[in-house]
Amino acid sequence: MAQHQFQTEVNQLLHLIIHSLYSNREIFLRELVSNASDALDKLKYLTVADDAYKSISLDPRIDISFHKDSEHPASSTLTIADNGIGMNEADLAESLGTIARSGTRAFLEKLTEDAKKDSNLIGQFGVGFYSAFMAADKIEVISRKAGEETSWKWSSDGKDGYDIEKLEGPAARANQGSTVILSLTEEGAEFANRWSIEDIIKRYSNHVAFPIYLTYDENEYDDKGKVKSTKTKTDRINSGTAIWRRSKSELKEEDYNEFYKQLGHDSDEPLFYVHTKAEGTLEYSTLFYIPRKAPFDMYNVDYKPGVKLYVKRVFITDDDKELMPTWLRFVRGVIDSEDLPLNVSREILQQNKVLLNIKNASVKKLLAEFKTLADNAASGSDEVKQKWETFIKEFNRPLKEGLYQDYGSREALLELVRFKSSAVEGWTSLADYSSRMKGDQKSIYYITGGDEHTLRSSPLLEAYKAKDIEVLIMDDEIDDIVIPSVGRYKKPGEDSKEYEIKAVNRSGADEELGEKKDKAAEKEIKPVIEKIKKALGERVKDVKLSRRLHDSPSCIVADENDPTLQMAQMLKAMGQAPMDDIKPILEVNGEHPIVAALKDVEDEARIADVAGVLLDQALLVEGIKIKDPADFVKRLNRLLAK
């Protein structure tokens, strides 16, 4: 027998599961059944696609049985068995001794005191098996991998580690697959019950594609109510139908919700779903769900895709990121094709034209559903409005990513993405913005940065507010990358011209403000501009007289061909900083007393202090970290002393 220690993160996880109170402990059975279903899916696929497995005779099924000791509840057991792909010694150590997914740490961070009752967290990080310790104080897994002769037993009490041993004789499995035996705790003994198991399976796993059988003892009673005899019965307890293949008219809302909970390992109901059956040139069925909450790994590079691919109801893969565009990675669901060969290689799926056509059609269908929800929210009930608000709150950012990644969907996405605004409360669309534009306004204006409050207070908005020109507030870090790639916007269905989308924190965006330069005043302030420019030297790209400032003495903008400082900071954090540091353009308000007072100052040290403070405060007000805070404080103190 080989003894092993759990990884540190597994120890933390088990401690939290065992010692935390979950309001929905029964989901452990859903997780174990889902694991068994996955094992059957994988073997079913291999028996078709891999010559090494084609000789295996497969009658896929999941069997559940239990033993309940009424006098000693802690001696009760629950067993879940399948005849799927199975595991060998290495698989047991890899799958049950470690948690390879990078989301585990995020999972642990989510399990705060306030989150301990969020049972929907279980299963979303590849940790579904460990949820069994909510009801058991010992688990044994007896498994034999398909195509191999040796059986292995994995066992653990969930405390220090686990044991793996080779099995021979009657203890070994006769065929491939896995048997999970739970030694239930006193509290967990409630699940060693026919009615509890049937109820849980029907609620969570009724639509698992393989038959689930429950073996139990049924008593017969005499006319006095005493047990006359006991016989063992085995009944199928799930429907096992592929819900996505059924007609919408046959299905109820509860059917869709139950299948989603089993598919998405989620205890919440979905926000909404899209069920499609296509016939004609291509035959396929799709059932897509939009979760109420964004997946926890949505922004991880190694996020787990949420869409499974089937061919003629045979599972092919659930780890292919090409089934959906990256920006739709939050979608959960199923694609089932009639036109792909059963032995299609996972490696050639990316180049398959049939799948590409299904993918493109699915994207269009989802975008149409999103647009319908948006339109209904504009004039619908509070419930519909709340649904749309939830959708935007959770998935606005990935939709923006689509603007950058998917040119073919850009027009549709431009009608869906939402932004904050200087003119209205809540979210607004580009279409709504354009409908509020003044007759002589030529462009759509926006400002980017890392904090909404800071952006709303930015000096860059002063002239636009004075002219009653609306500015979109874009505080998402990807806006600086996405929006410049869009460039222009035209409201669909209208013959009006396209509007250029301009950032107010770029040097050329003030041309339409209508502020005519006073040549005499400009000439008078020019020496001051030169003094500031000389004092700042290489710290800035240029110093200019501003047309956009009313109350503030200075602001910074980016040159038309340079990334903004916020974007430069983001690129630097990603290890992709430009070769040279990006230098801002400093704009000063010639009418401000601080700037005007420099006209008669010849003391270069004082000019340097004022110029440095003008630049640093302009950076600070935009939420940008200054390079030398100590120097800024010294300059400020010297000026205050004078």
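See the structure shown above.
Reference entry: report on the structure contained in this document. (Residues numbered from 1 in each chain as written. Predicted model: local features only at pLDDT ≥ 70, side-chain atom pairs only at ≥ 80, totals over all residues. Heavy atoms only, no water.)

1. A short note on the overall build of the protein chain
Item 1. Within the protein chain one finds 18 helices and 22 strands.
Item 2. Contacts in the protein chain between residues far apart in sequence, at least 24 positions, make up 71% of those at least 6 positions apart.
Item 3. Roughly 31,000 Å² of accessible area belongs to the protein chain as shown, and the carbon and sulfur atoms make up 46% of that amount. (Helix = DSSP H or I, 4+ residues; strand = E, 2+ residues; numbered from the N terminus. Contact = heavy atoms within 4.5 Å. Areas by Shrake-Rupley, 256 points an atom, 1.4 Å probe, with all protein chains shown as cover.)

2. Describing the nonpolar core
Item 1. Among the nonpolar cores identified, the biggest contains 81 residues, and Ile290, Leu328, Phe330, Phe370, Phe391 and Ile444 are the most heavily contacted of them.
Item 2. Examining the composition of this core, we find that nine residues originate from one element, helix H7 (residues 353-379), more than from any other.
Item 3. Leu29, Val33, Ile200 and Tyr204 belong to the second-largest nonpolar core, a separate cluster that totals 42 residues. (Core = buried A, V, L, I, M, F, W, Y, C linked by side-chain atoms within 4.5 Å. Buried < 20%, exposed > 50% of the residue type's maximum accessible area, 1.4 Å probe, protein only.)

3. Quick notes on the packing of helix H14 (residues 519-536) against helix H17 (residues 604-621)
Item 1. The N-to-C vectors of H14 and H17 enclose an angle of 85 degrees; their axes lie 9 Å apart at closest approach. Taken together, the axes of H14 and H17 are roughly perpendicular relative to one another. Across from Lys531, Ile532, Lys534, Ala535 and Leu536 in H14, the residues of H17 making contact are Glu604, Ile607, Ala608, Ala611, Gly612, Leu614 and Leu615.
Item 2. Residue composition of the contact of H14 with H17, grouped by class: eight nonpolar, one polar and three charged. (Axes fitted to C-alpha atoms, helices over the stretch in contact; angles between N-to-C directions. Parallel < 35°, antiparallel > 145°, perpendicular 65-115°, else oblique. Nonpolar A, V, L, I, M, F, W, Y, C, P; charged D, E, K, R; others polar.)

4. Points about helix H8 (residues 382-405)
Item 1. Between its first and last C-alpha, H8 extends 33 Å over 24 residues, near the 34 Å set by a 1.5 Å rise per residue.
Item 2. Along its length, H8 reaches its greatest deviation from straightness, about 60 degrees, at Phe395, and the proline Pro398 lies no more than four positions downstream.
Item 3. For H8, every residue scored as buried is listed here: Trp388, Thr390, Phe391, Ile392, Phe395, Asn396, Pro398, Leu399, Lys400, Glu401, Gly402 and Leu403. (Expected span 1.5 Å × (residues − 1). Bend = angle between axes of the 7 residues up to and from the residue.)

5. Observations regarding the sheet that holds strand S13 (residues 314-317)
Strand pairing in a sheet relies on backbone hydrogen bonds, with the paired strands running either antiparallel or parallel.
Item 1. Read from one edge to the other, the open sheet built from five strands follows the order S10-S11-S14-S12-S13, with strand pairing classed as mixed. Of all strands in the sheet, those bounded by a partner on one side alone are strand S10 (272-278) and S13. On average, adjacent strands in this sheet sit at an angle of 20 degrees to one another, irrespective of strand direction.
Item 2. Here strand S12 (residues 307-311) runs beside S13; their pairing, made up of three bridges, is antiparallel. From the neighbouring strand, Tyr310 faces S13, where its bridge partner is Phe315. (Pairing = 2+ DSSP bridges.)

6. Let's talk about the pattern of salt bridges
Item 1. Applying the stated criterion to the full structure yields 39 salt bridges.
Item 2. Residues Glu338 and Arg245 are paired through a salt bridge, measuring 2.5 Å at the closest nitrogen-oxygen approach. Separated by 93 residues along the polypeptide, Glu338 in the loop between strand S14 (332-337) and H7 and Arg245 in the loop between strand S9 (227-236) and helix H6 (253-264) bring together distant segments of the chain.
Item 3. For Glu338, a relative accessible area of 28% corresponds to the partly exposed category.
Item 4. On the basis of relative accessibility, which here comes to 28%, the residue Arg245 falls in the partly exposed class.
Item 5. With a closest N to O distance of 2.6 Å, Arg539 and Asp616 form a salt bridge. Of the two residues, Arg539 sits in the loop between H14 and strand S20 (542-545) while Asp616 sits in helix H17, which places them 77 residues apart along the sequence. (Salt bridge = Lys/Arg side-chain N within 4 Å of Asp/Glu carboxyl O.)

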